[in-house]
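Residue-level structure breakdown
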Amino acid sequence: IALIVQVTGVLIAAAAILVAGKAVRDQLWLVTFSEYTRRYSEIMSDLPFEARRPNSGFEIEGLPVHEKQRVLTVIRNYLNLCSEELYLFNLRRIDGTTWRIWKHGMMATARFPCFAYAWISLRDEYSTFPNFQFFMDEVTQDAAIEN
């Protein structure tokens, strides 16, 4: 009887640990997802309104130098966020469902009228992460086909 009680206690403790582990994992996912969503929102709010509207005709090239640099800085911040997300996915720190959500957002953003120019201007800055360069090359090519 004592052995049965001990084994039952161990099984109950193991189940409790599994349940607690899942709760912690779920909480960490929520914090990560919320933080990346917050960062995305902040970055997008720094872009000119017309830059976020497909088919608006917004072009970075025609902007005054200081405004052009500001917009490219905002897009660089966005690309940094995207590269972090791809890195987390490659390390399997985020699940496939989250990655698909983020990837869909990247594909939508790549259709912004100024994105292709910005990516060409900033691409070399990501030479230390060639997987990201390749990924964004594909995303911008797909966006060009859709536009």
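Here, the structure is the one placed above.
Residues numbered from 1 in each chain as written. Predicted model: local features only at pLDDT ≥ 70, side-chain atom pairs only at ≥ 80, totals over all residues. Heavy atoms only, no water.

Some remarks on the overall build of the chain
Of regular secondary structure, the chain possesses five helices and zero strands. Of the regular secondary structure in the chain, the N- to C-terminal order runs α-α-α-α-α. Rg of the C-alpha trace for the chain: 22 Å, well past the compact-globule value of 15 Å for 147 residues, more than 25% over. Expressed along its principal axes, the backbone C-alpha trace of the chain runs to roughly 85 × 25 × 25 Å. Here the chain holds 147 residues, and 30% of them are scored as buried. Counted over contacts in the chain with a minimum sequence separation of 6, partners at least 24 positions apart contribute 70%. On the chain, roughly 9,500 Å² of surface is accessible, and the fraction owed to carbon and sulfur atoms is 62%. (Helix = DSSP H or I, 4+ residues; strand = E, 2+ residues; numbered from the N terminus. Rg over C-alpha atoms; globule rule 2.2 N^0.38 Å. Buried < 20%, exposed > 50% of the residue type's maximum accessible area, 1.4 Å probe, protein only. Contact = heavy atoms within 4.5 Å. Areas by Shrake-Rupley, 256 points an atom, 1.4 Å probe, with all protein chains shown as cover.)

Re helix α4 (residues 115-122)
Within the sequence span of α4, burial applies to Phe115, Ala118, Trp119 and Leu122. Within α4, the buried residues cover an arc of 100° as seen down the axis, which keeps them to one side. On the buried face of α4, the contacting elements are α2 (65-90), α3 (96-109) and α5 (130-146). (Arc of directions from axis to C-beta.)

Describing the state of the cysteines
Applying the stated criterion across every chain, the model contains zero disulfides. No disulfide involves cysteine 114; its nearest neighbouring cysteine sulfur is the one of cysteine 82, lying 13 Å away. (Disulfide = S-S within 2.5 Å.)

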